Structures are given as structure tokens and as C-alpha cells.
2 protein chains.
Amino acid sequence: MGLTKTEIYKDEQNKLASLLKVLGHPARIAILQYIINQKACICNDLVEELGLAQATISQHLKELKTIGIIQGSIEGKSVCYCIDEKVWKQFQEEFNGFFNQDVNVKQCC
Amino acid sequence: MGLTKTEIYKDEQNKLASLLKVLGHPARIAILQYIINQKACICNDLVEELGLAQATISQHLKELKTIGIIQGSIEGKSVCYCIDEKVWKQFQEEFNGFFNQDVNVKQCC
DNA sequence: TATTTACATCGCAATATTACGGTATTAAAT
DNA sequence: ATTTAATACCGTAATATTGCGATGTAAATA
């Protein structure tokens, strides 16, 4: 075990859950916030901002890249990471679709 | 290792990440959707809807209860789970605050 | 009272995640 | 040409998560 049974869920549920899972780590939230506020964009700046090893930051950046929310472009010997606006907006819609839906609270509890 | 270094992040970042982490599993998304749509509310109904063992469903329900998004009330020998509307709305705001913020896409990438 | 039903909890095995040191690569600087 | 700097990737140890069978518990029912 330790393996999620993805087969039994709808594609949408798996997709939404996997996005939320990637975002469900404080380092990745922090990285996104730094990038969004333009406090840092270069990997090495993030290493100094957060107190994590370079290998660890690189790994988190990779996961964020996997879901497409950021993209990196080589800038000399550094890499500049930015939000992919298109994907960010897709996610906004995805999350709004779920979290901003009407909750049917019948008086069963 | 394998232990997240929570000390180095802001409280808000840790909080948001931990909410997202709990929601980052398809079973928990599916459970929330069933409850929201009133397709199921009783634990045992969820066991039949999803194809997971009762122990597993119970564990996922527990995690959802931990973040307060659902609450359970004893109903004879069953337990009825419902969305906690107050908490749900708090989460909406929390998520909207993050995902609906303006993304500063400077032309660095 | 004995049995059944609906859950929660425990304990385990399998797998995943987190964090990091070490190393390879590539580009700039010397 | 060598060195330095920035980063990706690999392997590994520690820990967390997933899923489930087994067991315990409380309420309903026979």
C-alpha cells in the first residue's frame, strides 16, 4: 500500500487533487509568493530567502514546473523562474469551480 | 529527513499549505463532493460509493475533520457528516486571497 | 440478553515525500 | 585554460502517507 488508488476516481478529481497536493507544501507556497511579488526569481535567491539547501529548492521548483504553474528560462548561468500566467488562470478557474460552489447545507447535522 | 521544516515559514504559509495538503487527495475531494451534493452523508454510504475499505474512509474523514471543514453528528448507530459552512467560507476566503491575487508577470522570462 | 450494524482505532506493509550531500554540467569570469 | 558560480540530478536516510484487516465500542434489533 501507500499507493493511491487513482483508478477509482474521476479524472477531474484526480487532477484537482494532484494540483492541490503540489501546492500543499509551505516551501512551494513560499516560492510562489516570492516569485509573484518579484522578491526573487532566480533559484539561488530563493535558496537564500528560504533556509533550504539548493538541492531541495531545485526539487520543489521541479514539482512546480511539473504542474506547469511556473516556467524557467536560462539567463546566463542562472535560471529565471516566472509564473505561467495562462496556467495560473486555468488553476484559478479550477479552484474557483470547486471552492466557490454552493454548499448544500441541509439540516442533517 | 522526510520532515518538513515548518519553523522556517510564516504561519500563514504553513496554514495554507496544510489545508491544501489535506485537500490534495482524490478520495477526500470525492468525499467532499458527495457530501456537498448530498449524494452521501453517512460514512457507510461513502464506503459503497467509493471503492475503499471502511477503515480507509474513516481515516480520510478524520483528516477532513481535523481541518474543520466537515463535522460529524451521531445519528443512532450511524454518523452523519456535513460541511461546516463557517469553516468552508473561511477556506474560500483563504484560497481566494492566494489564488485570485494579481500576478506580477514582468518580462523576465 | 445475544446479535447485528456502523464506526473508530490500532498496527502493519508498501510506497511516497522531504531534505540534503555529492557530483556533473554549463556559462561566466579570471 | 582554469576557476568560479548556478543549477540539475542522483542516491540515501528519515519520516509521512495510503490502504487495509483485525479488533473494540456503542446503539439498535431480535
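Since this is a predicted model, take the numbers as computed values, not measurements.

Chemist: Would you mind showing me how to read the overall build of chain A here?
Modeler: Regarding its fold elements, chain A presents 5 helices and 2 strands. Reading the secondary structure of chain A in the N-to-C direction produces α-α-α-α-β-β-α. On C-alpha atoms alone, chain A measures out to a radius of gyration of 17 Å, which is more than a quarter above the 13 Å that the 2.2 N^0.38 rule sets for 109 residues. Referenced to the eigenvectors of the C-alpha coordinate spread, the extents of chain A come out at roughly 60 × 35 × 25 Å. The buried share of chain A, reckoned over its 109 residues, is 28%.

Chemist: Sorry, what's going on with the UniProt feature "domain: HTH arsR-type" (unreviewed entry) in chain A here?
Modeler: As recorded in UniProt, the sites labelled "domain: HTH arsR-type" (unreviewed entry) are residues 8-102 of chain A. For residues 8-102 of chain A, helix accounts for 62% and strand for 13%, while the C-alpha atoms at its two ends are 25 Å apart.

Chemist: Looking at this structure, how should I read the interface of chain B and chain A?
Modeler: Where interface size is quoted, it is often the accessible area lost as the parts come together. Contact with chain B, which involves 41 residues of that partner, is made by 41 residues of chain A. Elements represented by at least two residues in the side of chain B that touches chain A include exactly α1 (11-23), α2 (26-36), β1 (70-75), β2 (78-83) and α5 (85-99) of chain B. Residue contributions to the side of chain B that touches chain A peak at 7 residues, all from α1 of chain B. For the side of chain B that touches chain A, the class distribution of residues is 23 nonpolar, 15 polar and 3 charged.

Chemist: What am I meant to see in the relation of the copies chain B and chain A here?
Modeler: Both copies of the chain are related through a single rotation about an axis accompanied by a shift along the same axis. The operation relating chain B to chain A is a screw motion whose rotation component is 180 degrees, with 0.0 Å of axial translation and a residual RMSD of 0.1 Å. Taken together, these values place the two copies in the relation of a two-fold axis. When the interface residues of chain B are mapped onto chain A, 100% of them again lie at the interface, so the same face is used by both copies.

So, how was this worked out
- Residues numbered from 1 in each chain as written.
- Chains lettered and ligands numbered in written order.
- Predicted model: local features only at pLDDT ≥ 70, side-chain atom pairs only at ≥ 80, totals over all residues.
- Helix = DSSP H or I, 4+ residues; strand = E, 2+ residues; numbered from the N terminus.
- Rg over C-alpha atoms; globule rule 2.2 N^0.38 Å.
- Buried ≥ 20, exposed ≤ 12 C-beta atoms within 10 Å, placed from the backbone.
- UniProt positions renumbered as here; feature names shortened; annotations may be inferred.
- Contact = placed C-beta atoms within 7 Å.
- Nonpolar A, V, L, I, M, F, W, Y, C, P; charged D, E, K, R; others polar.
- Least-squares fit on C-alpha atoms with pLDDT ≥ 70 in both.

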